[in-house]
Amino acid sequence: MQIILVSRARKLPKTLDLANGRLRWKLLSLLSLAVLACLSLGGALALAVASPRDHALAQIHELQQQIRAQNDQLGGVRADAQRSLDALAVKLGQLQAQSTRLNALGQRLVQVGKLDSGDFDFDESPAVGGVEDMGGTGYALPPALATGIDQLTSQFDRQQAQLSALQSLLLDARIESNLKPTGMPVPGYISSYFGVRPDPFDGQSARHTGIDIATPLGTPVHAVAEGMVTFAGVRRGYGKVVEIDHGNGYMTRYAHNSKLDVRPGQHVQVGDTIARAGSTGRSTGSHVHFEVWYRGRVVNPLAFVRNHR
Ligand SMILES: [Zn+2]
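Residues numbered from 1 in each chain as written. Predicted model: local features only at pLDDT ≥ 70, side-chain atom pairs only at ≥ 80, totals over all residues. Heavy atoms only, no water.

A. Main features of the pattern of salt bridges. Per the counting criterion, the structure on display carries five salt bridges. Residues Arg-235 and Glu-243 are paired through a salt bridge, measuring 2.6 Å at the closest nitrogen-oxygen approach. Arg-235 gets classed as partly exposed once you look at its relative accessible area, which sits at 30%. Classification of Glu-243 by relative accessible area gives buried; the value is 5%. Here Arg-276 makes a salt bridge to Asp-261, at a shortest N to O gap of 2.9 Å. In this pair, Arg-276 sits in strand β13 (residues 273-276) while Asp-261 sits in the loop between β11 (259-260) and β12 (267-268), placing the two residues 15 residues apart along the sequence. On the basis of relative accessibility, which here comes to 29%, the residue Arg-276 falls in the partly exposed class. A relative accessible area of 25% means that Asp-261 is categorised as partly exposed. Overlapping salt bridges, with partners in common, bring together Arg-235, Glu-243, Arg-253 and Glu-291 in one network. (Salt bridge = Lys/Arg side-chain N within 4 Å of Asp/Glu carboxyl O. Buried < 20%, exposed > 50% of the residue type's maximum accessible area, 1.4 Å probe, protein only. Helix = DSSP H or I, 4+ residues; strand = E, 2+ residues; numbered from the N terminus.)

B. Spotlight on the pairing of strand β8 (residues 227-235). Two strands pair when backbone bridges link them, and β8 and β12 are joined in this way by two bridges, in the antiparallel orientation. Each residue of the ladder has a partner; that of Gly-227, found in β12, is Val-268. Alignment of β8 against strand β9 (residues 239-245), held across seven bridges, turns out to be antiparallel. The residue bridging Val-229 from the neighbouring strand is Ile-244, located in β9. In textbook terms, the turn of a hairpin is the stretch between consecutive antiparallel strands, and for β8 and β9 this stretch comprises three residues, one of which, Gly-237, has a positive phi near 85°. (Pairing = 2+ DSSP bridges.)

C. Expanded view of the sheet that holds β13. With respect to topology, three strands assemble into an open sheet ordered β7-β13-β11, the strand pairing being antiparallel. Taken across any chain shown, the strands that pair with only one partner, and hence form the sheet edges, are β7 (220-222) and β11. The pairing of β7 with β13 spans three bridges and is antiparallel. Bridge pairing in β13 places Pro-220 opposite Arg-276.

D. Local environment of the packing of helix α2 (residues 53-74) against helix α4 (residues 143-178). One way to put it is that α2 packs onto α4 with a least axis distance of 10 Å and a crossing angle of 145°. Taken as a pair, α2 and α4 cross one another with a handedness that is left-handed. Judged by residue contacts, Arg-53, Asp-54, Leu-57, Ile-60, His-61, Leu-63, Gln-64 and Ile-67 of α2 engage Gln-160, Leu-163, Ser-164, Gln-167, Leu-170, Leu-171, Ala-173 and Arg-174 from α4. Residue composition of the contact of α2 with α4, grouped by class: eight nonpolar, five polar and three charged. (Axes fitted to C-alpha atoms, helices over the stretch in contact; angles between N-to-C directions. Left-handed = near helix turned anticlockwise from the far one by under 90°. Contact = heavy atoms within 4.5 Å. Nonpolar A, V, L, I, M, F, W, Y, C, P; charged D, E, K, R; others polar.)

Spelled out as structure tokens, the structure:
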């Protein structure tokens, strides 16, 4: 089959020979790549945006696997050669609409992940123009179609790169959250708050550098964030105490334990049991004295224990 293109700008009609196997194959490859990539990107992103960050991460991962699989499949694409250029133009229009939708979804993903939107210009259209290189391709498409396909190809390349960057940023954010003190080290109620209070032994005004959580003797004490044990032993007043450096300016301290379960230099994960609650040191009953330090200064732990991961 031959398609003859006539335009006012040209003196001679242009002929596209669809019997030409090479042209046929290239057209079909481009079309299939664009259709598959666009449909899967759009569908998966639509699900991702409606969900919390972890779900979005899983969706991005799945999306990228699908794109890889589709790229592999393209190597072996052999299909019906009778598809017309009209159908191709219609498909191209649909893809451009999908790409626009993908841009909007990507932008919302940036908001969901609470990322700096300046790093992700999903709204910005890819740079096009400059020197036109129509030679050496071995086939000719109507200029409008060729330009459209080229633009879409670079848009998808760009969106793929932005999704990869988004994914790594979201992963970094999750790792960062594991390093931040979050939640209570033991179940129990807060029996004494941070700040100035009468000393429980001599009644004089003293500054309480942490919070006390009343809990039965032997209750497992958990690390509230990932980090490295920098001290596990006896400190004057604190009794048997564990200190964990979280590597991001934060240090946490867990005091008055009956038994220690970690050694200095040990790496601990969120929730690991590091000690058993007790009443060693300057203490009037079984409880955990919990401190949070940030950049060398003791801070009120209340906001941290009330957070959730
Ligand atoms: Zn205390």
